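Listed here are the chains, written in short residue letters.
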Amino acid sequence: MSQTVLVTGGAGFIGSNFIHYWLKNHPEDTVINLDALTYAGNPASLQDIAGLPNYVFVEGNITDGELVNKIMDDVDVVVHFAAESHVDRSILEPSIFLTTNVIGTQVLLDAALKNHVKRFHHISTDEVFGSLELNSSEKFTLKTPYDPRSPYSASKAGSDHLVRAYGETYGLPFTLTNCSNNYGEFQFPEKLFGLAITNVLEGKKVPVYGDGLNVRDWLYVQDHCSAIEKVLLNGREGATYLVGGLVGDISNIDVVKLILKLMDRDDSQIEFVKDRAGHDRRYAIDWSHLNQELGWSPSVTLEEGLQKTIDWYTQNEAWWRPLKASAQAFFAQNYKPATEAHS
Ligand code: NAD
Ligand code: TYD
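My aim in this report is to walk through the structure given alongside it, one point at a time.

Thresholds, definitions, all that
- Residues numbered from 1 in each chain as written.
- Chains lettered and ligands numbered in written order.
- Predicted model: local features only at pLDDT ≥ 70, side-chain atom pairs only at ≥ 80, totals over all residues.
- Heavy atoms only, no water.
- Axes fitted to C-alpha atoms, helices over the stretch in contact; angles between N-to-C directions.
- Helix = DSSP H or I, 4+ residues; strand = E, 2+ residues; numbered from the N terminus.
- Parallel < 35°, antiparallel > 145°, perpendicular 65-115°, else oblique.
- Contact = heavy atoms within 4.5 Å.
- Nonpolar A, V, L, I, M, F, W, Y, C, P; charged D, E, K, R; others polar.
- Buried < 20%, exposed > 50% of the residue type's maximum accessible area, 1.4 Å probe, protein only.
- Lys, Arg positive; Asp, Glu negative; His and termini not counted.
- Salt bridge = Lys/Arg side-chain N within 4 Å of Asp/Glu carboxyl O.
- Polar contact = N/O pair within 3.5 Å; in protein donor to acceptor, adjacent residues only side chain to side chain.
- Near = heavy atom within 4 Å.
- Areas by Shrake-Rupley, 256 points an atom, 1.4 Å probe, with all protein chains shown as cover.

### What about the packing of helix α6 (residues 192-201) against helix α11 (residues 317-326)?
No. 1: For the pair α6 and α11, interaxial distance at closest approach is 11 Å and the crossing angle is 100°. When the interaxial angle is binned, α6 and α11 end up roughly perpendicular. Between α6 and α11, the residues in contact are Leu195, Thr198, Asn199 and Leu201 and Trp320, Arg321 and Lys324, respectively.
No. 2: Among the residues making up the contact of α6 with α11, the classes are represented as 3 nonpolar, 2 polar and 2 charged.

### Quick notes on the side chain of Glu127
No. 1: Checked against the element boundaries, Glu127 lands in the loop between β5 (119-125) and α5 (151-170).
No. 2: As a buried residue without a salt bridge, Glu127 has its nearest oppositely charged side chain in Arg216, at a separation of 5.3 Å.
No. 3: Excluding residues within four positions of it along the chain, Glu127 makes contact with Val87, Pro148, Tyr152, Ser153, Asn181 and Tyr283.

### Observations concerning the side chain of Asn182
No. 1: By the secondary structure assignment, Asn182 is in strand β7 (residues 181-183).
No. 2: The buried category is assigned to Asn182, whose relative accessible area is 7%.
No. 3: Within the structure, Asn182 has its side chain in polar contact with the backbone oxygen of Ser180 (distance 2.9 Å).
No. 4: At a separation of 2.7 Å, a polar atom in the side chain of Asn182 contacts the side chain of His224.
No. 5: Sequence-distant contacts of Asn182, defined by excluding residues within four places in its chain, comprise Phe13, Ile14, Gln187, Trp218, Leu219, Val221 and His224.

### Brief notes about the site of ligand 1
No. 1: Of all residues adjacent to ligand 1, which total 29 residues, the nearest are Ile14, Asp35, Ser85, Tyr152 and Lys156.
No. 2: Here an oxygen atom of ligand 1 sits 2.6 Å away from a polar atom, N or O, in the side chain of Ser85.
No. 3: Here an oxygen atom of ligand 1 sits 2.6 Å away from a polar atom, N or O, in the side chain of Lys156.
No. 4: Across the complex, the protein chains shield 97% of the 840 Å² of accessible surface that ligand 1 would expose by itself.
No. 5: Among the elements of the structure, α1 (13-25), β5, α5 and β7 are those that each provide at least two residues to the shell around ligand 1.
No. 6: Among the elements that take part in the shell around ligand 1, β5 stands out by supplying 3 residues, more than any other.
No. 7: Counted by class, the shell around ligand 1 contains 13 nonpolar, 13 polar and 3 charged residues.

Have a look at this one:
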């Protein structure tokens, strides 16, 4: 049976990949993409599908209750990606993170209830669980308590609590995924992988924060899309699923060295810079329940996913060069030499 799927934030990194994925695998469905086109939203990421009869783009803000209500009439499923998503920007300017991530989510939840949507799927992050110790075998599980430590993760934690509260209080049919760091095609070149690869392509150094020993769990964006699909099709109403891409740890410095190796560069391209304030040390996700319950597992290794990502950025300079140029003021504000204090 065909459905109408409302995707919020579909002009961003993961949302645009998801829309491509969904329309390819569910061509009978209609996708409405509601996106405010902030600095992170890019219609160029959806150029190839813009003319499809079952794809509708609406430029608008998720905090606009009237608009959101109007759009949600006749929507079966909401997949909510729209957010301010970059930790470093949240440190420089927290308030927009609260407005979009918390208030925006609440506006969507109200409209979803009012319009009786069949499923509200909320996309969240493993960063809500805080930071694990380096060199421990501990991982985030469904039992890990929330302990957000950046304005970004605090705002996402707030949105997660609201989604569950609407489920408990008003019976909203929801599912929720907390996933690890995504990488892949169409990522704004400000997060580690997009920045590192494009810096190498531009002949610039790759900035590594602090001692480079921080650990993230890396998830290829296509694998994230397939996990969301599994949850939408077969996930239990009211359930949370954790999505991660790796089994073992890899430090930032080793990830950057791997990128440099795959791009035929040596480690002299690395530049250690001033650490991020409150920099979470280690994230690691136990996604075994998603594998056991819904049969999901990542389709690529980190090296395979990275090679695909490097190839894509190499072939799509026209996509990322203007974005990098537009972010120069942010880069100047964010990046300081290793010895200099943040101002
Ligand atoms: P992104 O920053 O690339 O894209 C966000 C999109 O949301 C943009 O298109 C932007 O224009 C839109 N948007 C922002 N504010 C809006 C508003 N008020 N109204 C309507 N649209 C608005 O983000 P992303 O990396 O694609 O992340 C998508 C979701 O996944 C977010 O909820 C994020 O918290 C979550 N997430 C991301 C990662 C990651 O590694 N990128 C990891 C875990 C979870
Ligand atoms: P990022 O891609 O910003 O994702 P998040 O902060 O959501 O995990 O950063 C990933 C890791 O890489 C994180 O430990 C910070 C580090 N990092 C750098 O070392 N240099 C950089 O230029 C950036 C953007 C991040």
